Amino acid sequence: MKAKNMKNTLRKLSILAAVTVPLVFSGCTWFNDKPPVSTLENPTRSRTLGDYEVNGKVLAQQVCATCHGITGQSDSPMYPKLAGQQKDYIVVQLKDLRDQSRSDKYAIVYMWGMARNLTDKQIDELADYFSAQTPMYGEANHSTSAQAQLKRGEDIFNNGVPTAGVVACNGCHGPEGAGMAEIPRIAGQHSDYIVKQLNAFQHPDDKALMEMGGNTWAPKMYDLHRNLERGAAMNAMVANMSQEDVEAVALYLNTMNR
Amino acid sequence: MRTLSFSETNAQFGAVAVSAKLKWLLLAALSAILFLLATQQANALPLFARQTGQNCLACHAGGQYPELTPYGRYFKLTGYTQGTRQDIPVAVSFVGGVANISDNSNGGYNNGTQAVNNGTWGNTQASVYVGGKILDNFGAFSQWTYCWQCASSANQVNTNNLTPNQGFFGADNQDWRYADHYVGDQASTVNDVIWGVSLNNNPGVTDVWNSASAWGYPYMSPMPSRGPMYNGTPTTFMEGYGPGLAGIGGYVFLNKNIYAEIDGYQSATGAASWLAYGSNNSNPNAPKMYVKGTNPYVRLAYQSDEHGAHNWMLGAFGMNSAVYPNSMTMLSPDGTTYNVGFGAPNMSMGTTQYQDRGIDGQYQYLSNPHAVTAQFRMVKENITDNNLLTYSNPTNNLNSFMAKVSYVYDAKYGAALGYQNTSGSNDATYTTTMGSISGSPNTTAWIPSIWWQALQNVRLTYSYTAYTQYGGANQNYDGNGRNASANNTSWLYLWMAM
């Protein structure tokens with residue numbers, strides 16, 4: 001009887017140990033992971049976010065490049081190309097993502113987490129890295145069915161849609177769509193991405209009930225929009241643009257600079 | 001993820017009986033963890049999401065965990081080290097639902113009842129995950145699971161007087177990695193190298209493509225006492241075996257195109273016995289699996305670059321394993337005995353050897369809000385059992401084919417259709433394990449499913465398994481008038497994590 005009790009106790013203890021040992025093992029370093037105390041063993045190839053010691057270029061190559069491409073020429077239409085993007089634009093966008101004032105849906109899903117712990121210095125270095133790359137280039141689109149749409153897109157880019165209050169894109173983004181300072185380069189960008197952003201500018205009042213990051217069981221109503229102050233001009237200009245025109249200009253932009 | 005490996009491999013799987021008192025203790029511990037997690041703001045398995053601050057959608061294709069996006073594969077290959085280390089590196093998950101086998105009345109195999117609580121709610125498993133980013137180059141996916149009723153199945157209980165409905169707590173999928181990533185000059189031939197080593201407990205758990213059996217569709221299965229949905233049908237060693245071996249291996253991923261991995265697996269004994277924690281040879285329901293020497297596992301793959309929203313992979317894998325039989329045997333109709341996967345291992349009679357060779361592939365189209373994923377896997381297995389420890393024939397072969405395609409809209413609404421086919425040489429063992437009168441293992445099933453994700457971490461799935469062939473026949477496979485379709489199983493289940 002006594003032996004049996006002992007055995008039971010031992011068994012319970014061993015189960016408890018199995019739960020707690022890994023917990024402690026993986027958690028024992030948690031006290032010293034807060035900047036400015038660096039715990040980096042490998043600062044030149046680190047994927048650590050939230051440590052001031054990692055250079056922005058390292059983050060660009062180890063973290064950002066996974067989606068945006070090592071040269072900023074992303075393949076997936078879900079992630080904007082950053083190659084040759086205006087440095088000032090990258091800086092203000094990362095800061096907007098960090099302070100959550102840019103909150104279009106996929107910015108929340110993908111970028112809030114990535115940007116949340118970046119330092120100003122890292123943002124500057126990241127922006128240096130991507131803005132210095134060979135500018136993003138577009139994809140050829142020779143499909144004959146798309147020719148009319150492309151023509152429409154080109155017309156909007158150069159002349160706007162006066163009846164809908166849409167100003168010509170080239171006025172601010174430049175004749176080559178290269179942008180300037182805080183105005184982004186748009187030539188060669190993924191058309192899917194352009195469509196999503198124009199729609200975000202068009203509907204700054206959109207809301208969605210969603211969870212953010214690992215904050216599970218805390219769904220919240222999020223306001224889906226770009227930074228309202230910075231995006232005010234775009235919000236106004238594209239407010240009355242038809243979806244056909246949005247898609248046409250996005251398609252055209254994607255064929256620029258190829 | 002076949003994290004549910006417990007249910008699929010209850011026979012070989014080890015575990016420890018949990019007393020009622022201890023259950024409460026675990027429950028209390030779980031509640032404490034839940035409380036801590038609930039009070040943690042915006043930090044993200046959910047553990048990984050807290051670490052990166054991103055939503056599940058970033059790493060899981062269309063949010064359909066466990067399927068990985070290109071970014072999710074990178075996250076795993078670089079050792080779960082991206083992001084910010086968490087103060088509380090813990091996540092939890094739960095799976096449970098209502099499973100219903102079409103004809104539970106006459107017990108299709110072994111003349112036992114198939115499902116204990118057919119058509120009523122049943123908990124399947126609850127897991128605790130620890131790890132994530134630990135050091136700059138070191139991280140872990142470490143899953144510990146309590147599984148309801150999973151180390152005994154009804155038919156075995158009836159015929160062997162094993163403990164019925166036993167619950168277990170033990171080591172589930174373990175993958176502890178050291179990894180590094182070099183980025184070179186883009187102009188050179190080799191410009192991107194990821195390499196790493198993994199300490200793990202399940203051949204294939206290291207894989208990052210969801211055509212591999214460890215993480216493949218249908219991801220989850222109801223508890224085994226619910227019927228022969230998966231556990232009655234024969235599987236190849238690689239596909240059927242779950243966590244419980246001690247493996248160490250290395251891998252390299254060149255230019256994000258060419259992947260090569262080699263691992264060696266041994267019995268989880270001595271210092272490595274925690275990898276099979278819960279296994280206990282004194283519990284005949286859940287003995288530890290013993291293999292002879294080092295059993296090699298090799299994996300090669302070519303992954304395409306991303307072409308817009310498209311990417312694909314073609315791969316090959318193989319494993320040789322020599323497994324000691326368990327001591328508990330049953331009598332086949334032809335008079336030979338065969339191993340039932342219960343009881344302490346018998347180390348004195350030699351081993352049953354499995355030689356698995358397979359090819360697989362995956363295609364993904366990922367462009368929010370659309371996600372299309374498709375996988376296939378083919379495995380050819382040669383079984384050598386000269387001492388007739390597990391089978392009635394000294395040599396057998398078993399081939400399996402799996403294909404699946406799924407579509408998810410906005411990471412909320414999903415549908416999938418899977419097809420599985422197993423075929424091989426006849427063996428009297430299958431007459432006893434499956435009830436196949438011809439001794440044929442041949443089984444074909446269609447597995448459609450639909451799901452709804454109300455939140456990114458709560459998924460409600462309805463899946464159906466429709467057998468067009470079971471034990472070699474569509475009609476009367478057991479000689480008593482039971483048709484393959486009598487084993488059709490529906491399962492409405494909840495899968496949540498936090």
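To be clear, the structure that these remarks concern was listed above.
Residues numbered from 1 in each chain as written. Chains lettered and ligands numbered in written order. Predicted model: local features only at pLDDT ≥ 70, side-chain atom pairs only at ≥ 80, totals over all residues. Heavy atoms only, no water.

Undergrad: Before we move on, can you summarise the overall build of chain B with the specific residues and values?
TA: A count of helices and strands for chain B gives eight helices and 19 strands. Across the 498 residues of chain B, 64% fall into the buried class. A total of about 15800 Å² of accessible surface is found on chain B, and carbon and sulfur atoms cover 61% of it. (Helix = DSSP H or I, 4+ residues; strand = E, 2+ residues; numbered from the N terminus. Buried < 20%, exposed > 50% of the residue type's maximum accessible area, 1.4 Å probe, protein only. Areas by Shrake-Rupley, 256 points an atom, 1.4 Å probe, with all protein chains shown as cover.)

Undergrad: So what about the packing of aromatic side chains? Which residues, and what values?
TA: Residue and element names in this part refer to chain B. On inspection of all chains with the given rule, the structure shows 34 aromatic pairs over all chains. Their ring planes at 90 degrees and their centres at 5.0 Å tell us that Y146 and W148 sit as a pair that is edge-to-face. Classification of Y146 as buried rests on a relative accessible area of 9%. In this arrangement the basic side chain of R459 is found over the ring face of Y65, its NZ or CZ atom lying 4.1 Å from the centre. Sitting above the plane of the W451 ring, R459 keeps its charged end 5.9 Å from the centroid. (Phe/Tyr/Trp six-rings, centres within 6.5 Å; stacked < 30°, edge-to-face > 60°. Lys NZ or Arg CZ within 6 Å of the ring centre and 35° of its normal.)

Undergrad: Summarise the interface of chain B and chain A; cite the residues concerned and give the values.
TA: By a frequent convention, interface size equals the accessible area lost on bringing the separate parts together. With 68 residues of chain B at the contact, the number on the chain A side is 59 residues. Around 5500 Å² of area is buried between chain B and chain A when both sides are counted, 54% of it from carbon and sulfur atoms. Three residues, B:R85, B:D136 and B:N368, lead the burial of chain B against chain A; their summed loss comes to 12% of the area buried on that side. Linking chain B with chain A are two salt bridges. Across the pair B:D410 and A:K105 runs a salt bridge, and its minimum N-O distance is 2.8 Å. (Contact = heavy atoms within 4.5 Å. Buried area = accessible area lost by both parts, 1.4 Å probe. Salt bridge = Lys/Arg side-chain N within 4 Å of Asp/Glu carboxyl O.)

Undergrad: Residues and numbers for the pattern of salt bridges, please.
TA: Counting across every chain of the model gives 20 salt bridges over all chains. In this structure, B:E67 and B:K404 form a salt bridge, with 2.4 Å as the shortest nitrogen-oxygen distance. Taken as a pair, B:E67 in the loop between helix 4 (56-59) and helix 5 (70-77) and B:K404 in strand 15 (residues 395-409) lie far apart in primary sequence, 337 residues in all. Because the salt bridges share partners, they merge into one network encompassing A:K87, A:D124 and A:D128.

Undergrad: So what's going on with the packing of helix 2 (residues 56-68) of chain A against helix 5 (residues 120-131) of chain A? Residues and values would help.
TA: Residue and element names in this part refer to chain A. One can describe the packing of helix 2 onto helix 5 by two numbers: an axis separation of 7 Å at closest approach and a directional angle of 70 degrees. Relative to helix 5, helix 2 is oriented roughly perpendicular. Crossing hand, helix 2 versus helix 5: right-handed. Seen from helix 2, the contacting residues are G56, K57, L59, A60, Q61 and C64; seen from helix 5, they are Q122, E125, L126, Y129 and F130. Broken down by class, the residue content of the contact of helix 2 with helix 5 amounts to six nonpolar, three polar and two charged. (Axes fitted to C-alpha atoms, helices over the stretch in contact; angles between N-to-C directions. Parallel < 35°, antiparallel > 145°, perpendicular 65-115°, else oblique. Left-handed = near helix turned anticlockwise from the far one by under 90°. Nonpolar A, V, L, I, M, F, W, Y, C, P; charged D, E, K, R; others polar.)

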